[in-house]
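# Report on the structure
The residues making up each chain are set out below.
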Amino acid sequence: MAQALRPNTAGSLFATDGRPHPVQDALLAVTLVLGVVAFVTAMFDSLHLISSWTGLVGILTGAYGQWISETTRERFGLVLGLGASAIGFFLGMAHGGLFGGLF
């Protein structure tokens, strides 16, 4: 029962296995930031280029992050970022798309 009293100081914030996962943590942070940007900019019709492109890149980075993730905490954050990216992407596509108004 000694392990119950010892704090887990090794690893990252999202790693529950005690080992650091720098690539997975970076993908998690990028996916969350892109998801927030895509979601917020999707609320404005004129920002459809930003929301659709950031949503698309957020979906791709989140999917790759899910593929290589190792812990449940990483997957939880990636699912949140993927959801926000997908909503931003789909609303951006509805408001004009990836190249709407450029060609």
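Parameters and conventions
Residues numbered from 1 in each chain as written. Predicted model: local features only at pLDDT ≥ 70, side-chain atom pairs only at ≥ 80, totals over all residues. Heavy atoms only, no water. Helix = DSSP H or I, 4+ residues; strand = E, 2+ residues; numbered from the N terminus. Buried < 20%, exposed > 50% of the residue type's maximum accessible area, 1.4 Å probe, protein only. Polar contact = N/O pair within 3.5 Å; in protein donor to acceptor, adjacent residues only side chain to side chain. Contact = heavy atoms within 4.5 Å. Salt bridge = Lys/Arg side-chain N within 4 Å of Asp/Glu carboxyl O. pLDDT = per-residue confidence, 0-100. Phe/Tyr/Trp six-rings, centres within 6.5 Å; stacked < 30°, edge-to-face > 60°.

## A short note on the side chain of Thr61
Its place among the elements puts Thr61 in helix α3 (residues 48–68). For Thr61, a relative accessible area of 18% gives the class buried. Within the structure, the side chain of Thr61 is placed 3.2 Å from the side chain of Thr31, a separation counted as a polar contact. The contacts of Thr61, once residues within four sequence positions are left out, are Leu27, Val30, Thr31 and Leu34.

## With respect to the pattern of salt bridges
Counted according to the given criterion, the structure contains two salt bridges. Note that Asp17 is salt-bridged to Arg19, the shortest N-O span being 3.0 Å. Residue Asp17 is classed as partly exposed on the basis of its relative accessible area of 34%. Relative accessible area serves as the criterion here: at 48%, Arg19 is assigned to the partly exposed category. Residues participating in the shared-partner salt-bridge network are Asp17, Arg19 and Glu70.

## Brief notes about the confidence of the model for the chain
The pLDDT averaged across the chain works out to 88; a share of 84% of its residues lies at or above 70. When mean pLDDT is compared element by element in the chain, α3 scores highest at 97, while helix α1 (residues 2–5) scores lowest at 61.

## Some details on the packing of aromatic side chains
Pairs of aromatic rings are described using the distance from one ring centre to the other and the angle between the two planes. Summed over the entire model, instances satisfying the criterion amount to three aromatic pairs. Relative to Phe99, the ring of Trp53 lies with its centre 5.5 Å away and its plane at 75°, an arrangement referred to as edge-to-face. Placement of Trp53 in helix α3 and of Phe99 in the segment after α4 (72–95) is noted, with a sequence separation of 46 residues between them. With a relative accessible area of 46%, Phe99 lands in the partly exposed category. Plain terms: the ring middles of Tyr64 and Trp67 are 5.7 Å apart, the flat faces sit at 55° to each other, and that makes the pair tilted. A residue pair is termed a helical-turn pair when its members lie 3 or 4 positions apart in one helix, as Tyr64 and Trp67 do in helix α3 at three residues.

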